[in-house]
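Spelled out from the first residue to the last, the chains are:
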Amino acid sequence: SLFAAGCHSGAILNGCSDQIVCALKAYGLNLGICFQVVDDLLDVTQTSIELGKACGADLAQGVITAPALFVLERDDKPARQLEKLIKARAVCQPEGLAEALEIIRNNGGLDATIELAKKYANASRDALRALPPSNCRDSLALMVDYLLLRTN
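What you see is a predicted model, and the numbers here were worked out from it, not measured in a lab.

(A) Structural detail: the overall build of the chain. Tallying secondary structure elements over the chain gives nine helices and zero strands in all. For the chain, the spread of C-alpha atoms along the three principal axes comes to 55 × 30 × 25 Å. Residue pairs at least 24 apart in sequence account for 60% of intrachain contacts in the chain once pairs closer than 6 positions are excluded. Just so you have it, the chain exposes about 8,700 Å², and 57% of that area is on carbon and sulfur atoms.

(B) Structural context of the packing of helix H2 (residues 18–45) against helix H8 (residues 109–127). Orientation of H2 relative to H8, taken along the N-to-C sense of each, is 160°, at an axis distance of 8 Å. On the basis of the axis angle, H2 is roughly antiparallel to H8. Seen from above, H2 lies across H8 with left-handed handedness. Residues Ala-23, Ala-26, Tyr-27, Asn-30, Leu-31, Ile-33, Cys-34, Val-37, Val-38, Leu-41, Val-44 and Thr-45 of H2 form the contact with H8, whose own contacting residues are Leu-110, Thr-113, Ile-114, Leu-116, Ala-117, Tyr-120, Ala-121, Ala-123, Ser-124 and Ala-127. Here the contact of H2 with H8 is built from residues that sort into 18 nonpolar, four polar and no charged.

(C) Representation of the packing of aromatic side chains. If you walk through the whole model with that rule in mind, you get one aromatic pair. Between Phe-3 and Phe-35, the ring centres sit 5.5 Å apart and the planes meet at 35°, which makes this aromatic pair tilted. Within this pair, whereas Phe-3 is found in helix H1 (residues 2–13), its partner Phe-35 is found in helix H2, the two being separated by 32 residues in sequence.

(D) Representation of the side chain of Ser-124 in the model. Along the chain, Ser-124 turns up in helix H8. Taking relative accessible area as the criterion, Ser-124 reaches 0% and is therefore assigned buried. Excluding anything up to four places from it in sequence, Ser-124 contacts Tyr-27, Asn-30, Leu-31 and Val-144.

(E) Representation of the environment of Pro-67 in the model. Mapped onto the elements, Pro-67 comes out in helix H5 (residues 66–72). Assessed through its relative accessible area of 0%, Pro-67 is described here as buried. Residues Pro-67 and Ile-114, 47 residues apart in the sequence, show an inter-C-alpha distance of 9.0 Å. Ignoring anything within four residues of it in the chain, the contact list for Pro-67 reads Asp-40, Leu-41, Val-44, Ile-104, Gly-109 and Thr-113.

(F) Region of the structure containing the environment of Pro-94. Inspection of the secondary structure assignment puts Pro-94 in helix H7 (residues 94–106). Put simply, Pro-94 and Ala-60 are 34 residues apart on the chain and 8.8 Å apart in space, counted from C-alpha to C-alpha.

Parameters at a glance
Residues numbered from 1 in each chain as written. Predicted model: local features only at pLDDT ≥ 70, side-chain atom pairs only at ≥ 80, totals over all residues. Heavy atoms only, no water. Helix = DSSP H or I, 4+ residues; strand = E, 2+ residues; numbered from the N terminus. Contact = heavy atoms within 4.5 Å. Areas by Shrake-Rupley, 256 points an atom, 1.4 Å probe, with all protein chains shown as cover. Axes fitted to C-alpha atoms, helices over the stretch in contact; angles between N-to-C directions. Parallel < 35°, antiparallel > 145°, perpendicular 65-115°, else oblique. Left-handed = near helix turned anticlockwise from the far one by under 90°. Nonpolar A, V, L, I, M, F, W, Y, C, P; charged D, E, K, R; others polar. Phe/Tyr/Trp six-rings, centres within 6.5 Å; stacked < 30°, edge-to-face > 60°. Buried < 20%, exposed > 50% of the residue type's maximum accessible area, 1.4 Å probe, protein only.

Here you go:
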């Protein structure tokens with residue numbers, strides 16, 4: 001919502017058409033969701049030094065994000081083991097957290113999260129089609145590309 005508000009408020013204040021206002025709101029909303037999904041991904045892929053916080057901090061605090069949800073939605077042994085670790089609050093301990101992160105990394109949680117980020121990135125880029133070609137529109141599109149670079 002913050003990204004959406006930031007992106008379309010300038011258009012409103014400058015008297016742009018409803019079409020442009022709505023396009024920038026859609027761009028910002030999808031960009032913000034993409035940002036959050038990438039942040040969720042980084043929480044399970046980056047080191048503590050790269051993140052500036054402990055790896056897996058979201059999970060350890062009881063916040064179940066996209067990478068874990070994609071594993072949990074399956075009905076298989078890794079999903080049941082991850083669910084068991086979460087319910088027992090074993091993810092609050094270093095050993096349990098390490099096991100949970102390994103399950104997420106090795107059972108499709110990362111790939112599915114990257115695909116979700118790409119979905120929102122594409123929706124964000126698509127919204128920009130309503131804007132006339134310009135360096136500003138190109139810069140907004142580059143912001144989307146930058147977010148996706150963080151998934152590598």
